[in-house]
Amino acid sequence: MTNVFQVIGHPDADRAHKVEQLKELGFSWADLEEEAYWLDQIVRMRRDTFEELQQASERLWLIMDKTVRYVWGKRDLYELLGVPAILWDLLDLLPLPPEGVISRYARFDFAISNEGTIKMLELNADTPTGYVEASIATPWLCRLAGIPSVNESMKDRVAEAWAEERPDTVACVSYGSHLEDSGTIEALAAHSGLQVKLEDCLELWVDEGVLKNGRSEPIHRMFALYPKEWMAIDDGGEALAYAIEIGNLQLFNSIHSILLQSKGLTAAAWGLYELGLLYDAEEREAIQRYLLPTYNKPVLDGSFVSKSMFGREGGSVRMFDEDGNLEIEDTDGYDTSEFFPVVYQKRADLARIETSVGNLHLLTGVFVINGKPCGLLGRASGGPITGNTSHFIPIGVV
């Protein structure tokens with residue numbers, strides 16, 4: 001079978017000019033601390049592989065939604081998913097959003113082999129980044145290369161989602177100084193078409209159950225790149241949860257997105273599949289085909305991965321060989337396994353691609369915005385763990 005990925009093009013001799021053009025578009029971190037984060041080449045994905053990936057994303061999105069609805073209200077399962085107890089009352093008190101939109105801004109990460117085998121690694125349903133790379137940089141770079149991009153509709157999906165949620169404030173930690181998170185919320189705000197305030201989470205405070213900004217202005221509806229599990233760790237987490245509980249604040253994504261975000265949900269889905277519960281025949285076929293065996297305990301035969309239920313950017317990932325010996329672990333990302341339990345997942349192969357900086361592993365992200373898969377994110381790394389030192393490389397479809 002022909003390799004489903006092909007890297008095309010050569011880096012522009014005048015990289016600095018292109019980096020400046022990308023900055024003007026809103027992608028200001030193509031180079032980070034004199035390191036090239038963006039790789040100036042294009043990955044071409046075969047059309048048939050993309051169509052299967054799109055279908056897999058649609059099916060898995062509804063399967064994970066269905067699994068959340070099974071878990072909801074069961075506090076023993078909240079504990080298995082590693083959800084902080086501070087959020088349990090909130091989860092039970094607030095109504096679940098409609099089917100398919102528990103999170104309106106999410107991203108799957110898939111391992112796709114060179115032969116086209118597709119396996120879901122995880123679902124980032126709370127605070128995914130990579131939006132600017134996917135919605136702005138990828139279409140622009142693909143147009144320059146004459147390669148079709150499937151990411152053109154991402155902006156429209158954000159506008160649809162925020163027309164429903166209508167946040168008055170958009171926030172991230174260290175707004176103005178953290179380039180990626182700041183650029184992400186600026187792009188989301190611009191694409192929404194709404195008039196919103198941009199804020200730094202570190203300047204927000206709760207006054208008698210009302211969230212306020214640094215100018216003491218009340219905030220009632222907020223989209224925040226703020227991981228909800230941090231409420232159990234941050235000093236102001238309990239006060240923020242209280243503001244949500246008494247109805248003074250609506251947070252987007254919804255509080256229930258933490259159930260989708262937990263890697264323990266994949267273990268729950270796999271367990272229900274093995275027990276023959278909940279899913280119909282079509283859903284079971286999709287689970288068998290696209291999910292990896294995932295458990296709360298290290299019971300897998302052969303090579304496997306362990307990772308925190310709320311690990312991000314590769315942090316806490318450890319890979320074990322066929323004999324169960326530690327083979328490689330991420331040392332760059334923040335290890336959250338000291339705060340949250342871990343899951344154990346069968347290993348899957350990432351495609352290998354030949355780039356201008358060497359042979360790399362390719363991780364394929366699929367954004368799901370307002371319930372619809374709508375954009376690809378390519379990230380490439382020298383090792384099998386895609387951490388915060390990985391490269392962005394755009395993916396087009398032919």
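Residues numbered from 1 in each chain as written. Predicted model: local features only at pLDDT ≥ 70, side-chain atom pairs only at ≥ 80, totals over all residues. Heavy atoms only, no water.

Student: So what about the packing of aromatic side chains? Which residues, and what values?
Tutor: Both the distance between ring centres and the angle between the ring planes are used here to describe each pair of aromatic rings. Throughout the structure, instances matching the rule amount to 18 aromatic pairs. Ring centres of Phe27 and Phe392 lie 5.7 Å apart, and the angle between their planes is 90°; this geometry places the pair in the edge-to-face category. With a gap of 365 residues between them, Phe27 in the loop between helix H1 (15-25) and strand E2 (31-32) and Phe392 in strand E22 (residues 391-392) connect regions that are remote in the sequence. The class of Phe27 is buried, set by a relative accessible area of 0%. Consider the rings of Phe310 and Phe340, whose centres lie 5.2 Å apart with planes at 65°: the pair is edge-to-face. Taken together, the residues Phe310 in the loop between strand E15 (304-308) and strand E16 (318-320) and Phe340 in the loop between strand E17 (326-329) and strand E18 (342-346) connect sequence positions 30 residues apart. (Phe/Tyr/Trp six-rings, centres within 6.5 Å; stacked < 30°, edge-to-face > 60°. Helix = DSSP H or I, 4+ residues; strand = E, 2+ residues; numbered from the N terminus. Buried < 20%, exposed > 50% of the residue type's maximum accessible area, 1.4 Å probe, protein only.)

Student: Break down the environment of Phe108 for me, with residues and values.
Tutor: Mapped onto the elements, Phe108 comes out in strand E5 (residues 105-112). Of the residues examined, Phe108 reaches a relative accessible area of 0% and is grouped as buried. Put simply, Phe108 and Trp88 are 20 residues apart on the chain and 25 Å apart in space, counted from C-alpha to C-alpha. Residues in contact with Phe108, not counting those within four places in the same chain, are Ser57, Leu60, Trp61, Met120, Glu122, Leu123, Thr364, Gly365, Val366 and Val368. (Contact = heavy atoms within 4.5 Å.)

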